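# An overview of the molecular structure
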Amino acid sequence: MPALADELWRDIHYASFDDLRLYARHYPARGATARSVVCLPGLTRNSKDFHTLAWYLSTHPERPRDVYCLDFRGRGASQFDRHWHNYTPLIELRDTLDFMAIVGLHQAAIVGTSRGGIVAMMMGALRPTAMGVVVLNDIGPVMETRGLARIMGYVGKMPVPRTWDDAVVQLREMNGRAFSAIAAAQWEEIAHDLFNERKGRPARGYDPKIGRAFRGVDLRRPAPALWPQFTALQQFPAFVLRGANSDLLSAETVSAMVERHPNLRTVTVPGQGHAPFLRDRDSVEAIEMFLAAND
C-alpha cells in the first residue's frame with residue numbers, strides 16, 4: 001500500500017522494467033469524476049515541482065481530480081541508474097507508461113514541464129491511447145540554442161550547497177534575473193523542492209551523470225526539431241505555457257505551433273523564464289480551466 005504523507009499525498013514506489021526503484025506522488029481527490037492528471041517534471045526537477053498545482057487540482061471544490069506526479073529515474077526519490085545512457089526521453093516514457101499501467105490510467109491529462117513535455121510529445125506519437133489532453137510547460141518542437149547552452153553549462157556541474165541558505169543564494173544568483181516574478185521568500189521553498197535533504201542539509205536532487213547525455217550535442221548546429229512528435233498531438237486538446245523570459249521556447253515557435261495545431265491554447269507567464277514553476281495563481285487556474293473544458 002502507498003504511504004500517506006502528511007495527509008496531502010500518497011508516496012508510491014514501483015519497480016521499473018530494469019528493476020530500479022522509482023517514486024511518484026499521488027494526490028487523491030475525494031469523489032473524483034474528472035480526468036486524472038499525470039505530471040512529468042523537467043530535466044533536473046522532480047515531483048515536488050508540481051505540489052501547488054497538484055494540491056489545487058485535487059482539492060478543487062467543483063472538479064476535484066486525482067493527480068500523479070512522477071520522479072523520473074535519477075531524480076528526486078527515484079533510484080539513480082548505473083547506466084547514464086538510460087537517461088533519455090524514450091526510457092523515461094517507458095517508465096511513465098509502466099507507471100500508468102500499474103495504477104490503471106488511460107486517456108489521462110499529461111502535464112509536462114520541459115523534459116516532461118518532450119516525453120509527452122513522444123507519448124502522443126507512440127502511445128496515443130494513454131493521453132486525453134496535454135499541457136506543455138515551456139517546451140515545444142524547437143529548442144533554442146541559447147537555452148540549451150545554459151542548461152549544458154550547469155547540469156551535473158554545480159556544487160551541492162552546504163546549507164539551505166547557500167542553496168537559496170545559489171538559485172537566486174542563477175535564476176533571479178529570468179524569474180523576477182518569484183518573491184524572495186519563494187526561493188527557499190523552491191530550494192527545498194529542487195534539492196533532496198540529508199541530515200538536515202541540502203543533498204543533490206538528481207544524478208549528476210544526467211549531464212553526460214549532452215556530450216554529443218553540437219551547439220554549432222540547431223537541435224533536431226520535434227515537429228513530427230508535436231504533430232501527433234493534433235488529435236488532443238493542447239495548452240502551452242511559455243515563460244515570458246524563456247531562453248528555450250521562443251515566441252516564434254509558439255506561433256508556429258498555433259498554426260499547426262487546430263485546438264491549441266497558449267498563455268505567457270510574466271516574469272518567469274525556463275521553465276515556469278506553476279506556483280502562481282494565474283497559471284494554476286488557467287490549467288484547471290483548460291482541463292475542465294476538455295474533460
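Provided above is the structure to which this section pertains.
Figured I'd write up the structure that's included with this text.

The rules behind these values
- Residues numbered from 1 in each chain as written.
- Predicted model: local features only at pLDDT ≥ 70, side-chain atom pairs only at ≥ 80, totals over all residues.
- Heavy atoms only, no water.
- Salt bridge = Lys/Arg side-chain N within 4 Å of Asp/Glu carboxyl O.
- Helix = DSSP H or I, 4+ residues; strand = E, 2+ residues; numbered from the N terminus.
- Buried < 20%, exposed > 50% of the residue type's maximum accessible area, 1.4 Å probe, protein only.
- Expected span 1.5 Å × (residues − 1).

## Looking at the pattern of salt bridges
- Under the counting rule described, the total for this entry stands at 14 salt bridges.
- Between D295 and R65 there is a salt bridge, with the nearest N and O atoms lying 2.7 Å from each other. Here D295, found in the segment after helix 9 (281–293), pairs with R65, found in the loop between helix 1 (51–58) and strand 5 (67–71); they are 230 residues apart in sequence, far enough to count as distant.
- When the shortest N-O distance is used, the salt bridge between E92 and R75 registers 3.1 Å. Residue E92 is found in helix 2 (residues 89–103), and its partner R75 is found in the loop between strand 5 and helix 2; the two are separated by 17 residues along the sequence.
- Residue E92 is classed as buried on the basis of its relative accessible area of 0%.
- R75 sits in the buried class, given a relative accessible area of 0%.
- One salt-bridge network, in which partners are shared between bridges, spans D18, R73, D81 and D95.

## Some words on helix 2
- In this model, helix 2 (15 residues) spans 21 Å end to end at C-alpha, consistent with the 21 Å of a helix rising 1.5 Å per residue.
- Taken residue by residue, helix 2 has I91, E92, L93, D95, T96, L97, F99 and M100 as its buried positions.
- Within two residues after helix 2, G104 carries a phi angle of roughly 75°, on the positive side.

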